[in-house]
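Architecture and fold: a report
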Amino acid sequence: MWNSANSFQNDFVAKFDSIEISEKEFSERMKKYLDKTGTKDNILLRKQVLQNMINEKLIIRNLQSRNLDNDSISFQNKSIIKNQILINEFVKKILLDTLKVSEEEILNEFKKGNTNLRVRYLYSSTFEGAMELKSRLLKGEKFQNLSKEIFLDPALAKNGGDLGFIKHGEMEKSFDEVAFATEVGKISNPFKIKLGFAILKVEDRNEQNLFSQFDFEKMRTDLSNKVLENKIDKSINNYSSKIAENLKIKFDENIIDQLFLKHFNFNNSEIEKINNVKELPDSSKVAYFNGSNMVIKEFLLYYSVSSQRQKNRITSKENLKEFITGLIVRENILQSANEKNLFSNTDAILEYENAIQNYYLMRWKQEIEKNISSIKISDSELKKIYNENPIYHPAEINVSEILLSDKSKIAEVNLKLKKGISFEKLAKEYSIRLWSAENGGVLGFGTKDKFGPIFDTLYNLKKGIVIGPISVPPYFGFYKLIEKKSPIKKSFNEVKQNIKTNILQEKIKEKFVLNLQNLHLNLRVEINNDLLQNIILN
């Protein structure tokens, strides 16, 4: 229940029971919300933000009343949060003050976001193997042949490691960084990826040049933060490498072999081997460094609290050693941060309090999700929804293209097409999209996501019909429809899991609202409406 009141101190915006929301607390929250969303301040928005703050305090109180803020799960997560804040503070103190972001770097980041690259790649488990692949390519061998030796994925093996067009941020960071720094037609030097070491070739680059200064300015802060984040990552990696080098970490290769085989090798052909591996004593030393060591028990404890993303990276014994090296380096940084007493400053304490509050809110939701996820949903219920709301594979087209950058060539190509010269021959002669020109301009099947605004025009053509010139800024293109595929209804098995997930998500939302309503039962909230309306946000 909401009540207007002025019976309490003027610097409190709201209170209920023994809980108060101060003017300062509300102002900081409101300013953060406005900065993040770009929304214009108004009284209705202020009331909404205040309501969210009240809800959060009720949720945290409920969590605490059930002692879920002090159980083993919370204790472990609080420790992880504290350690991460310590590392953040260490990074700020040691690295951040020396890093600057230039206007050119911000603009380049913006351009990357408006650029698509067509990339093909090969990889090896070793740096030397990747160098050998590059050498073979430079001597004249083709991606199409080498990919058959490399990839288990039949599509990549057949198409020469062609990933199609990728966007900035779609691939892992090292891949993304190298791809966007490589010129069209060039082959990169080997670089580290999760699977080992890769080389890549940029076949084509599509840049969207139709952006305004307004678009750029709107994204400036986010772009600057992204550039700074990448610089911090690089600096941390360099700093960590120096620490690892100074620690002179050495591994017990026999223990590493057994540890990997027992815990990380999930190849079915290895099951018999795994079963024959003896249990490793908790005190077994897996790594040695500067007069100290890491034992199996310690490693497994760190591993248990690592993120799934980190765990998924362990696909080889080398990955396992990299993971352990990272753990040792991290502990070394934490020790240095504690020695410098970095957790005692006001910013760190405030960051910790905010992080713990966010964790409590997430934990409350997780408890709801845990109960809902166990609900059984019959196939008949799922099929009913499937039949009522069919889902389709999107329409696709395959076209040939002659892409021109020189406007003066348009009339020349148009005339030759009218004279009956084959589209494929002209694509090889004129098209600037070299990888498709080699195949007579064929672009391959794609959906609207691939072809963009011209998709509908091309889809509505009759097979074999040529259209053009069409503006595809900053270029011009002639197109011929080779084949098209109509939307196809997805099978029940294809969408079954998605339907189930959607149902459970709806049930979670319903339960969340219901539980929140229960927290408000018999609650008397006093609101200082005068103060709420008149707070000046600086």
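Each remark here, short or long, concerns the structure printed above.
First, a word on scope: everything that follows refers to the structure included in this document. Just so we're clear, the structure is a prediction, and the values are computed from it rather than from any experiment. (Residues numbered from 1 in each chain as written. Predicted model: local features only at pLDDT ≥ 70, side-chain atom pairs only at ≥ 80, totals over all residues. Heavy atoms only, no water.)

A short note on the pairing of strand β14 (residues 475–485)
- Sheet analysis places strand β12 (residues 396–404) next to β14, joined by nine bridges and oriented antiparallel. Across the sheet, residue Ser400 finds its bridge partner in β14, namely Lys480.
- Two strands pair when backbone bridges link them, and strand β13 (residues 466–472) and β14 are joined in this way by five bridges, in the antiparallel orientation. Paired with Ser471 across the bridge in β14 is Phe476.
- Taken together, β13 and the strand that follows it, β14, pair antiparallel across an intervening segment of two residues. (Pairing = 2+ DSSP bridges. Helix = DSSP H or I, 4+ residues; strand = E, 2+ residues; numbered from the N terminus.)

Structural notes on helix α17 (residues 409–418)
- If you check which residues of α17 are buried, you get Ile410, Val413 and Leu417. Relative to the axis of α17, the buried residues are bounded by an arc of 75 degrees and lie together on one face. Along α17, the residues that are exposed and aim more than 90 degrees away from the buried face are Ala411 and Lys418.
- In the segment just after α17, Gly420 is the residue with positive phi, at about 95 degrees. (Buried < 20%, exposed > 50% of the residue type's maximum accessible area, 1.4 Å probe, protein only. Arc of directions from axis to C-beta.)

Examining the sheet that holds strand β10 (residues 292–295)
- The strand order across the open sheet formed by three strands is β8-β9-β10, and the pairing between neighbours is antiparallel. The sheet is open, and its two borders are formed by β8 (250–251) and β10, each paired with just one other strand.
- Here strand β9 (residues 285–289) runs beside β10; their pairing, made up of four bridges, is antiparallel. Directly across from Lys285, in β10, lies its bridge partner Val295.
- Packing against the sheet, helix α12 (residues 296–304) makes contact with β9 and β10, and its axis sits at approximately 65 degrees to β10.
- The strands touched by helix α14 (residues 317–339) within the sheet are β8, β9 and β10, with β9 carrying the most contacts at an inclination of about 55 degrees. (Contact = heavy atoms within 4.5 Å. Axes fitted to C-alpha atoms, helices over the stretch in contact; angles between N-to-C directions.)

A look at the packing of helix α15 (residues 346–372) against helix α22 (residues 492–519)
- Axis separation between α15 and α22 bottoms out at 10 Å; the angle between their running directions is 125 degrees. On the basis of their axis angle, the class for α15 and α22 is oblique. Note on packing geometry: the crossing formed by α15 with α22 is right-handed. Of the residues in α22, those in contact with Trp364, Ile368, Glu369 and Ile372 of α15 are Leu504, Lys507, Ile508, Lys511, Phe512, Asn515, Leu516 and Leu519.
- For the contact of α15 with α22, the per-class residue count stands at eight nonpolar, one polar and three charged. (Parallel < 35°, antiparallel > 145°, perpendicular 65-115°, else oblique. Left-handed = near helix turned anticlockwise from the far one by under 90°. Nonpolar A, V, L, I, M, F, W, Y, C, P; charged D, E, K, R; others polar.)

What about the pattern of salt bridges?
- Applying the stated criterion across every chain yields a total of 26 salt bridges.
- The partner of Arg61 in a salt bridge is Asp17, with the nearest N and O atoms 2.6 Å apart. A residue pair is termed long-range when its members are at least 10 positions apart, and Arg61 in helix α2 (residues 43–65) and Asp17 in the loop between β2 (12–16) and β3 (19–22) qualify at 44 residues.
- For Arg61, a relative accessible area of 31% gives the class partly exposed.
- With its nearest N and O atoms 3.0 Å apart, the salt bridge here joins Arg136 to Glu149. Residue Arg136 is located in helix α5 (residues 127–138), and its partner Glu149 is located in helix α6 (residues 143–150); the two are separated by 13 residues in the primary sequence.
- According to the relative accessible area criterion, Glu149 is exposed, its value standing at 51%. (Salt bridge = Lys/Arg side-chain N within 4 Å of Asp/Glu carboxyl O.)

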